[in-house]
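Fold and contact review
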Amino acid sequence: MRDPYTVLGVARTASEAEIKSAFRKLAKKYHPDANGDDAGASARFNEANQAYEILGDKEKRGQFDRGEIDGDGKPKFQGFSGFGGGGGANPFGGGPNNGSFEFRSGGAEFGGADNIFGDFFEQAFGGKRNARSGFTAARNTPTKGDDINATLKVRLEDIVSDEKVEAIFPNGKRLAIRLPEGVEDGQVIRLRGQGQPAVFNGGPPGDALVTISFADHARFSVSGRDLLLEQDIDLETAVLGGRVTIETLDGRVATKIQPWTTSGRTLRLKGKGLTRKDGGRGDILVTLSIALPERPDPELTALFEKRRDGLDR
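What comes next is a walk through the structure. (Residues numbered from 1 in each chain as written. Predicted model: local features only at pLDDT ≥ 70, side-chain atom pairs only at ≥ 80, totals over all residues. Heavy atoms only, no water.)

1. Side note on the packing of helix H4 (residues 39–55) against helix H5 (residues 58–65)
- Packing of H4 against H5 leaves a shortest axis separation of 6 Å and a crossing angle of 95 degrees. With respect to H5, the element H4 is oriented roughly perpendicular. In this structure, H4 contributes Glu 53, Ile 54 and Leu 55 to the contact, and H5 contributes Lys 60, Arg 61 and Phe 64.
- Taken together, the residues that form the contact of H4 with H5 break down as 3 nonpolar, no polar and 3 charged. (Axes fitted to C-alpha atoms, helices over the stretch in contact; angles between N-to-C directions. Helix = DSSP H or I, 4+ residues; strand = E, 2+ residues; numbered from the N terminus. Parallel < 35°, antiparallel > 145°, perpendicular 65-115°, else oblique. Contact = heavy atoms within 4.5 Å. Nonpolar A, V, L, I, M, F, W, Y, C, P; charged D, E, K, R; others polar.)

Quick look at the structure:
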C-alpha cells in the first residue's frame, strides 16, 4: 500500500485531530453507499481505512514512522545491515570479484562470507541451507483468507445502550457486536478472524470490517459527542417560567425554565449525549423556541389588544 500519510493527504507532523478529520472526509467521499458500483471509489475507501488504522493508532503510527512496519501494518525486513563494508556489486562485503561469495542455484551451494546467504534462508524460512528449500518455504507460507466488509447503520440510541447490534455481510454472515465507547460516524471496526477462511496451506482466516454509519434521528443532530435539540415552549411558560419535559436517548428528563425566557436561549443537559472514549458522555444542548397555541386564544388576543391600546394612548 502507499504511504498512509499520502493516502490521507496529511503531513507527517499532522496532529491526531487533523488525521481524523482527513480520514472522515475521504470516508464520506468514497463510501460505497454513496458511489454505487464504482470500484475505484471502493478501492479508495478501503485504502483510506487501512491508512487510518495505522495513523489513527498511536503505537502503530510510531512503528510506521520508525520503519518497523509497512503501509499494510506488516513487519518490514530491515535489510542486510551489519554484514560488513566493501562495495561494488556484492552487498556482503569485499569487492565485486574477490571470490568471497558464491551462489549456485543448481547445486544449491553457498560459500564465502561465512555462508551468510545460506544462514539468511535458514533463519528466515526455517529450512535447510539451500536456495530451493528457502524459496519453497517462502512460497508455502500460509496465506490469510480474504476480509469481508459490511456497513452497519446504528441509531443514536444504540450508541448509548449496552445492547449488541447485528452486522449483516454480503455473504449472509451475521455478527453481533458491541459498539466501543466513543464510536464515530465512519469508523471501521475490525473483527479479527471473522472473515473468509484461507483457501490454501491452512492459513488464518481473514477479518470482518464493519463501517459504522449513524442513522438520521427524528429529533437530534450530532455535534461531536453532543446532541443538538430544538424545543418549543408556550408563551405562558416563557413569561412566567415553569418546567418542560425533554425526551432524551435514555428517557424523559424535566428541566426548569426561568421566567421571561426568550427564543434562542440554550439549556445544557449534562451527560445525556453520546458516549466518549474515556467512558463519559457528551451533553444535550436544547435551544428554546416560543410557540403560540395552535388555535387562536381569545383571552390572549384580548390581553394583547388591551396592552397595545394602552400603549397607543
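2. A closer look at the nonpolar core
- Membership of the largest hydrophobic core comes to 35 residues, with the highest contact counts inside it found for Val 210 and Ile 212.
- Here Val 210 is in contact with Ala 150, Leu 152, Ala 167, Phe 169, Ile 177, Gln 187, Val 188, Ile 189 and Leu 191, once residues within four sequence places are set aside.
- The next biggest cluster of nonpolar side chains, apart from the first, holds 20 residues, and it includes Tyr 5, Ala 22, Ala 41 and Leu 55. (Core = buried A, V, L, I, M, F, W, Y, C linked by side-chain atoms within 4.5 Å. Buried < 20%, exposed > 50% of the residue type's maximum accessible area, 1.4 Å probe, protein only.)

3. Points about the pairing of strand E4 (residues 165–168)
- By the alternation rule, side chains of E4 split into Val 165 and Ala 167, which are all buried, and Glu 166 and Ile 168, of which none is buried.
- Note: E4 against strand E5 (residues 174–177), 4 bridges, orientation antiparallel. Pairing of Val 165 across the sheet is with Ile 177, part of E5.
- The loop that links E4 with its antiparallel partner E5 comprises 5 residues; one of these, Gly 172, has a positive phi angle of about 95 degrees. (Pairing = 2+ DSSP bridges.)

4. A word on the side chain of Gln 50
- Counting through the fold element by element, Gln 50 comes out in helix H4.
- Taking the relative accessible area as the measure of exposure, Gln 50 reaches 17% and is therefore buried.
- A distance of 3.3 Å separates a polar atom in the side chain of Gln 50 from the backbone oxygen of Asp 72. (Polar contact = N/O pair within 3.5 Å; in protein donor to acceptor, adjacent residues only side chain to side chain.)

5. Here's the deal with a nonpolar patch on the surface
- Together, Val 239, Leu 240 and Trp 260 make up a nonpolar patch on the protein surface, roughly 360 Å² of accessible area in all.
- Residue placement: Trp 260 occurs in the loop between strand E11 (251–257) and strand E12 (266–269).
- Among the residues examined, Trp 260 registers a relative accessible area of 65% and is labelled exposed. (Patch = residues over 30% accessible without salt bridge, like charges linked within 9 Å, V, L, I, M, F, W, Y side chains within 5 Å. Areas by Shrake-Rupley, 256 points an atom, 1.4 Å probe, with all protein chains shown as cover. Salt bridge = Lys/Arg side-chain N within 4 Å of Asp/Glu carboxyl O.)

6. Here's the deal with the sheet that holds strand E7 (residues 208–214)
- Spatially, the 3 strands line up as an open sheet ordered E3-E7-E6, and their pairing is mixed. Two strands bound the open sheet, and with one partner strand each, they are strand E3 (148–154) and strand E6 (188–191). Taking each pair of neighbouring strands and ignoring which way they run, the sheet shows an average axis angle of 25 degrees.
- Here E3 pairs with E7 via 7 bridges, running parallel. Counterpart to Lys 153 in the pairing with E7 is Ser 213.
- Packing against the sheet, H4 makes contact with E3, E6 and E7, and its axis sits at approximately 75 degrees to E6.

7. Description of the packing of aromatic side chains
- Scanning all chains against the criterion turns up 2 aromatic pairs.
- For the pair Tyr 5 and Phe 64, a centre-to-centre distance of 6.1 Å together with 45 degrees between the ring planes defines the contact as tilted. Here Tyr 5, found in helix H1 (residues 4–8), pairs with Phe 64, found in helix H5; they are 59 residues apart in sequence, far enough to count as distant.
- Using a relative accessible area of 3% as the deciding quantity, one classes Tyr 5 as buried.
- Since its relative accessible area comes to 12%, Phe 64 is described here as buried.
- Taken together, a centroid distance of 4.3 Å and an interplanar angle of 5 degrees make the contact between Phe 23 and Tyr 52 stacked. Within this pair, whereas Phe 23 is found in helix H2 (residues 16–30), its partner Tyr 52 is found in helix H4, the two being separated by 29 residues in sequence. Of the two residues examined, Phe 23 and Tyr 52, each falls in the buried class. (Phe/Tyr/Trp six-rings, centres within 6.5 Å; stacked < 30°, edge-to-face > 60°.)

8. Brief notes about the packing of H2 against H4
- At a minimum axis distance of 9 Å, the contact between H2 and H4 shows a crossing angle of 160 degrees. Between H2 and H4, the angle is such that the two are roughly antiparallel. Here H2 and H4 pass one another in a crossing that is left-handed. Contact residues: Ile 19, Lys 20, Phe 23, Leu 26, Ala 27 and Tyr 30 in H2; Ala 41, Ser 42, Arg 44, Phe 45, Ala 48, Asn 49, Tyr 52 and Leu 55 in H4.
- Taken together, the residues of the contact of H2 with H4 break down into 10 nonpolar, 2 polar and 2 charged. (Left-handed = near helix turned anticlockwise from the far one by under 90°.)

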